[in-house]
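Next come the chains, spelled out residue by residue.
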Amino acid sequence: MALLPILTYPDNFLLRPVRPVDEITDDLQKIIENMAETMYQAPGVGLAAIQVGIDKSLIVYDPDADPERGEYSVIINPCILEMHGSVVSEEEGCLSVPDMRCDIERAGRIVVEGLDRHGNPVKFEADGIESIILQHEIDHLNGTLILDHISSLKRQIYKRKRQKLIKDE
Ligand code: NI
């Protein structure tokens, strides 16, 4: 297994919608394992393939962030079918948006459809932290970041801070 470099804002690759996975291959299984290892090491609770520079509709996540158990979930070509209610995620963060935490209004309960890592169709309901993680990661697949959910003033301040940091590096 190998750790994959995580792209960070303002990398333009993060801003484009991804392509669906059309074939379940051994290479794909390797990508999934490397993504899980990268997520645990970061550490994070979820990772979308586009965050490691792979143009595929694929996410891994583990609300427990527990590498010992390693019981992460994989969804390929996920799609949100239903959204119900609303909650505010507290201090939601993103591995691709360093040093930013924000409260974002999310659906409280969702119904998601997609494929498991072997290509079998899955459809399930999620709530709580799992629902928030899924909405966050599926946002990534559409080129949407947490920065798109905050006020333009807060976004401007963050952009300037990042640009200065990158210039100073
Ligand atoms: Ni993220």
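In case you missed it, the structure is sitting above this.
Thresholds, definitions, all that
- Residues numbered from 1 in each chain as written.
- Predicted model: local features only at pLDDT ≥ 70, side-chain atom pairs only at ≥ 80, totals over all residues.
- Heavy atoms only, no water.
- Core = buried A, V, L, I, M, F, W, Y, C linked by side-chain atoms within 4.5 Å.
- Buried < 20%, exposed > 50% of the residue type's maximum accessible area, 1.4 Å probe, protein only.
- Helix = DSSP H or I, 4+ residues; strand = E, 2+ residues; numbered from the N terminus.
- Polar contact = N/O pair within 3.5 Å; in protein donor to acceptor, adjacent residues only side chain to side chain.
- Contact = heavy atoms within 4.5 Å.
- Pairing = 2+ DSSP bridges.
- Axes fitted to C-alpha atoms, helices over the stretch in contact; angles between N-to-C directions.

Visitor: Hey, could you run me through the nonpolar core in this one?
Guide: Inside soluble globular proteins, nonpolar side chains tend to come together where they are buried. Membership of the largest hydrophobic core comes to 16 residues, with the highest contact counts inside it found for M35, L58 and V60. When contributions to this core are tallied by element, the ones reaching two or more residues are α1 (26-41), β2 (58-61) and β3 (73-84). Ranked by residue count, the leading element in this core is α1, at seven residues. One finds I50, Y61, V112 and L134 within the second-largest nonpolar core, a separate group that totals 14 residues.

Visitor: Would you mind going over the side chain of Q29 with me for this structure?
Guide: Relative to the helices and strands, Q29 resides in helix α1. Classification of Q29 by relative accessible area gives buried; the value is 16%. One polar contact links the side chain of Q29 to the main-chain carbonyl oxygen of R117, over a distance of 2.8 Å. In this view, Q29 contacts I24 and R117; residues no more than four positions away in its chain are not counted.

Visitor: Explain the sheet that holds strand β1 (residues 46-48) to me, please; I cannot follow it from the model alone.
Guide: Strands belonging to one sheet form pairs held by backbone hydrogen bonds; the direction of such a pair is parallel or antiparallel. With antiparallel pairing, the five strands of this open sheet are ordered in space as β1-β2-β3-β6-β7. Whereas interior strands pair on both sides, the edge strands pair on one side only; in this sheet they are β1 and β7 (121-127). Ignoring strand direction, the axes of neighbouring strands in this sheet form an average angle of 40 degrees. The pairing of β3 with strand β6 (residues 109-115) spans six bridges and is antiparallel. By the bridge assignment, I80 is partnered in β6 with V112. Of the strands in this sheet, β1, β2 and β3 are in contact with α1, which crosses β2 at around 40 degrees. Packed on one face of the sheet, helix α2 (residues 128-141) meets β1, β2, β3, β6 and β7 and runs near 125 degrees to β7.

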